[in-house]
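# Commentary on secondary and tertiary structure
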Amino acid sequence: MAQVLAPGSIVVADWHRCNESKQYFSKILHRKRRRHFGLLEFPVMPPHVPVDTIHYKVFISGKSGVGKTALAARLAGLNIPNVHYETTGIETTVVYWPVKLRESGRVLFFRLQLWDCGENALRRFDHLLPSCKEQVDAVLFLFSFTDRTSFDDLSNQIAKWTDTTEDRVVKLVVGTKFDLFMHCDVAERDVKVFQKTWSLPVLHIGGEVSDGFGDVAPLLNCLTEQLWHQDCVTAGSANYHLVQETV
Amino acid sequence: MFGSGQGVALSCCETEGGGKVAWRVFQDSVMLIAVSGGGRHGAGSSKEEEVHLQRLLENVWNCMVLVLGQDELTNMRNVERLKRDLRSCFSIIDQLLEDRQEGILGNLTHCTDSLIPPNTTVIQEAVDSFAKAADSEFGCLIVHGRIAAATEKWWRLAPQEVVLLSALVRTLSGSGSASCDYPVFLPQGSPTVAHRLLRFHLLPGADVCVLCGPTPSLHRAETELVGRFWSPLVETLRDCLAVGERCLPGSVSLRPDVLALLLINRETRRSVSCVRTSTNHPPCAPLLPSKARCWELLKLFYIFSIKHYFMQEETLCVTPEERAHKTNTEDFVHGFSHQPIHCYLVTEECKSYGLQTPQHQLFLLIPLSVPTFALRTVATQTLSDIVAATGLSPLM
Ligand SMILES: Nc1nc2c(ncn2[C@@H]2O[C@H](COP(=O)(O)OP(=O)(O)O)[C@@H](O)[C@H]2O)c(=O)[nH]1
Ligand SMILES: [Mg+2]
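Here goes a summary of the coordinates provided. For every chain, the first residue of its written sequence is number 1, and the numbers climb from 1 along that sequence. For this description, chains carry letters from A and ligands carry numbers from 1, given in the order in which they are written. Since the coordinates come from a predicted model, pLDDT governs what is reported: local features require at least 70, and pairs of side-chain atoms require 80 or more to be given and counted, while whole-chain, interface and lining totals use all residues. Side-chain metrics in this entry use all non-hydrogen atoms of the structure; hydrogen atoms and water are not considered.

## What to know about the overall build of chain B
- Going along the chain from the N terminus, every DSSP run of H or I of four or more residues is numbered as a helix, and every run of E of two or more is numbered as a strand. Secondary structure assignment for chain B yields 15 helices and 14 strands.
- Every one of the 396 residues in chain B was classed for burial, and the buried ones make up 57%.
- Restricting the contact set of chain B to residue pairs at least 6 apart, pairs at least 24 apart contribute 62%. To sort residues, take the accessible area from a 1.4 Å probe on protein chains only and compare it with the maximum for the residue type: under 20% means buried, over 50% means exposed, and anything in between is partly exposed. Here a residue-residue contact requires only that any non-hydrogen atoms of the pair lie within 4.5 Å.

## Topic: the interface of chain A and chain B
- On the side of chain B, 38 residues touch chain A, which itself brings 30 residues to the contact.
- Buried surface area refers to the total accessible area, computed with a probe of radius 1.4 Å, that the two partners give up upon joining, counted for both partners together. Together chain A and chain B conceal approximately 2700 Å² of surface at their shared face, both sides included; 55% is due to carbon and sulfur atoms.
- Contact with chain B buries area across many residues of chain A, yet A:Leu39, A:Leu40 and A:Arg124 alone supply 25% of it, more than any other trio.
- In this structure, A:Glu41 engages B:Arg238 in a salt bridge whose closest nitrogen and oxygen atoms are separated by 3.5 Å.
- Here a polar contact is taken to be a pair of N or O atoms separated by no more than 3.5 Å, where protein atoms must pair a possible hydrogen donor with a possible acceptor and residues adjacent in sequence count only if both atoms sit in side chains. Taken together, the links from chain A to chain B amount to 16 residue pairs in polar contact (both at pLDDT 80 or more).
- Among the elements of the structure, strand 5 (90-100), strand 6 (107-117), helix 3 (119-124) and helix 4 (128-133) of chain A are those that each provide at least two residues to the side of chain A that touches chain B. Should a side-chain nitrogen of Lys or Arg be within 4 Å of a carboxyl oxygen of Asp or Glu, the pair is scored as a salt bridge.

## Regarding the packing of helix 7 (residues 120-133) of chain B against helix 10 (residues 218-230) of chain B
All names here are of chain B.
- Between helix 7 and helix 10, whose axes approach to 10 Å, the crossing angle comes to 165 degrees. Taken as axis vectors, helix 7 and helix 10 run roughly antiparallel relative to one another. Regarding helix 7 and helix 10, the two cross each other, and that crossing is right-handed. Counting all contacts with helix 7, which are made through Ala126, Val127, Ser129, Phe130 and Ala133, the residues of helix 10 involved are Leu225, Val226, Phe229 and Trp230. Fitted lines through C-alpha atoms serve as axes, helices being fitted only where they are in contact, and the angles separating the N-to-C directions of these axes extend from 0 to 180 degrees. Oblique is the label for any angle not covered by the other classes, which are roughly parallel (under 35 degrees), roughly antiparallel (over 145) and roughly perpendicular (65 to 115). By convention the crossing between two helices is left-handed if the near helix lies anticlockwise of the far one by an angle smaller than a right angle, and right-handed if it lies clockwise.

## Considerations on the sheet that holds strand 1 (residues 12-14) of chain B
Residues and elements named next belong to chain B.
- In space, the 3 strands of this open sheet follow the order 1-2-3, with antiparallel pairing throughout. For this open sheet the edge positions go to strand 1 and strand 3 (30-36), each flanked by a neighbour on one side alone. Averaged over all adjacent pairs, the angle separating strand axes in this sheet is 15 degrees, with direction ignored.
- For two strands to count as paired, DSSP must find a minimum of two bridges between them. Sheet topology places strand 1 next to strand 2 (residues 20-26); 3 bridges connect them, and they run antiparallel. Paired with glutamate 14 across the bridge in strand 2 is lysine 20.

## Observations concerning unusual backbone geometry
- Going from B:Thr215 to B:Pro216, the amide bond is cis rather than trans, its omega being -5 degrees.
- Checked against the element boundaries, B:Pro216 lands in the loop between strand 9 (206-212) and helix 10.
- One non-glycine residue, A:Lys177, lies in the positive phi region at around 55 degrees.
- Mapped onto the elements of the fold, A:Lys177 is located in the loop between strand 8 (170-176) and helix 7 (188-198).
- In the Ramachandran plot, B:Asp28 falls in the positive-phi region, its phi being about 55 degrees despite a non-glycine side chain.
- Overall, B:Asp28 belongs to the exposed group, its relative accessible area being 78%.

## A look at the coordination of the magnesium ion (ligand 2)
Residue and element names in this part refer to chain A.
- A donor here means an N, O or S atom no more than 2.8 Å from the metal, or no more than 3.2 Å when the metal is Na, K or Ca. Since water is not included, a site may seem to lack partners. At the metal site, the magnesium ion (ligand 2) is ligated by Thr69 (OG1) and Thr87 (OG1), and these contacts range over 2.0 to 2.1 Å. Of this pair, threonine 69 sits in helix 2 (residues 68-76) while threonine 87 sits in the loop between helix 2 and strand 5; the two residues are 18 residues apart in sequence, bridging distant segments of the chain.
- Judged by relative accessible area, which is 7%, threonine 87 ranks as buried.

## A closer look at the nonpolar core
All names here are of chain B.
- Among the nonpolar cores identified, the biggest contains 110 residues, and Leu141, Phe200 and Trp230 are the most heavily contacted of them.
- Apart from residues lying up to four places away in sequence, leucine 141 is in contact with Ile123, Val127, Arg146, Ile147, Ala148, Ala149, Leu202, Asp207, Val208, Trp230 and Leu237.
- Think of a nonpolar core as a cluster: buried Ala, Val, Leu, Ile, Met, Phe, Trp, Tyr and Cys residues, connected wherever their side-chain atoms sit within 4.5 Å. In this structure, Leu57, Val65, Ile142 and Ile147 belong to the second largest nonpolar core, which totals 46 residues.

Written out as structure tokens, the structure is:
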């Protein structure tokens, strides 16, 4: 039985609320909003505060309209489209996220490149999916709280990613449109059962975009934690104490 | 439809309130209909509105082909499916309808909005070698939504394709994404086989793109090529970005009495345009039109000129039969044995002057305070100033 890392067991949870994190988080802000980086740019710390940046590729999977593009925009602090436009190819979005490791106190910048591809485009053009899968480090499986079928289809989606070659890929499930509880189609109980069966972290997102990092921090911390953990396992150096929890 | 059954072509109709309906059938299969409310464009007359609508129809059709390919549009098997697939075009079509970005005139002129960088050669070499490394002959650098450099082959694409690709890149870039791999069909060059448009957001405001075949993958191009070719040029790119909406490098000094200009190179089908933000304007002088109004007036004057006096360069997406009754220029121009080379218009808001040479068309807005007899000098001098300063630039 696989195990789910307890949130906050590797990275400091809610670190964005600590005073000491300000100098790092200020690097991903510009005039109190999230800063947008071109590919040739990155957060620069003063020379006496050396920080490593590690790159990861994250694929966002889910049916059309579930909220893939909106999620990528939200995580990067971009304007969330309020109209649904099909994404007609692959679009990637870069998110920088500073993280403090619990054990060593070391600070890292995670550079997460989110890969979003419209479902129709994936179906119409064969080369897109392999391109999304190339050297991918994590997959976010999306379902929408307002669309039962998207939830029921999760197992099919995940099954496609469980070949041996993709064993090392970090998997996370994200429920979108959590704010639309009036139209909620997926009960909390069902989510619990699902989480138990698959032993995958399930997060939810939706609602007003907050000024700070409150709405995205839980997801980004969970994702970075899983990625870091996977890296350590792969490197065979998982000999630090993990507070693990069997679900 | 009744009319065409009888061999009559009706292309447009108008209501008393100035509303207009225009339509056109593409590839004998899809009819697009454009409706405008009328009275929206202030000074624009209904003739101008018609040019707008016809352009819009053509642009929208090209967008549909760009995203879906011609086959899917002409041999439709399942209308419901097509309707769903068409949603993929909505974001660019909305951009065309809103026509929001100031200073982008390509949708109207079918010339590529360009920006002349201060360091043309370095930028040109970088675009050429980047494209080559990406196994492509088609590459371009877009700064503030305008082309700053492109490979030779990029310019050989049909002008409307170049304009359309620029529009697509603006839409994609506007969403803030870092890179993309977009299947695109070229309405002229490749309406049935998709190419891949790879786009990389180098710096806010600067995107490089290549059109390529199956290789390289987006991941590989980004990790192996973008940094290698563009990291050493960050400062050069920042200098390009600094040119801003003026589109002309600092070495070109414009006369103080030019409010706005649009310069078209008729051979290369490229254009630069800018509106002055009024500097040290004497407070007692009559109020100048706002920046937004200047852009609007510039468009209206362009339409006015090509409608009445100047020829608009042929647009390639029109078949010869269609062209017979589709040109925007009125018949009396064709009736002339000579071509007007200068024209001007004085309105309550400003004076406008247009001139055309075999190679260029220039459209200027000039404050009312400048005497009408001086307009011609302002125009000819502005043209020669720009040509002299950018003469070596392959752009103009
Ligand atoms: N209320 C709410 N609407 C959302 C949320 N996520 C996405 N949407 C809306 O759902 C629609 C589809 O989202 P989009 O991200 O474009 O779907 P995609 O096809 O998966 O990329 C858009 O109109 C979004 O504004 C959310 O968390 N809450
Ligand atoms: Mg999408």
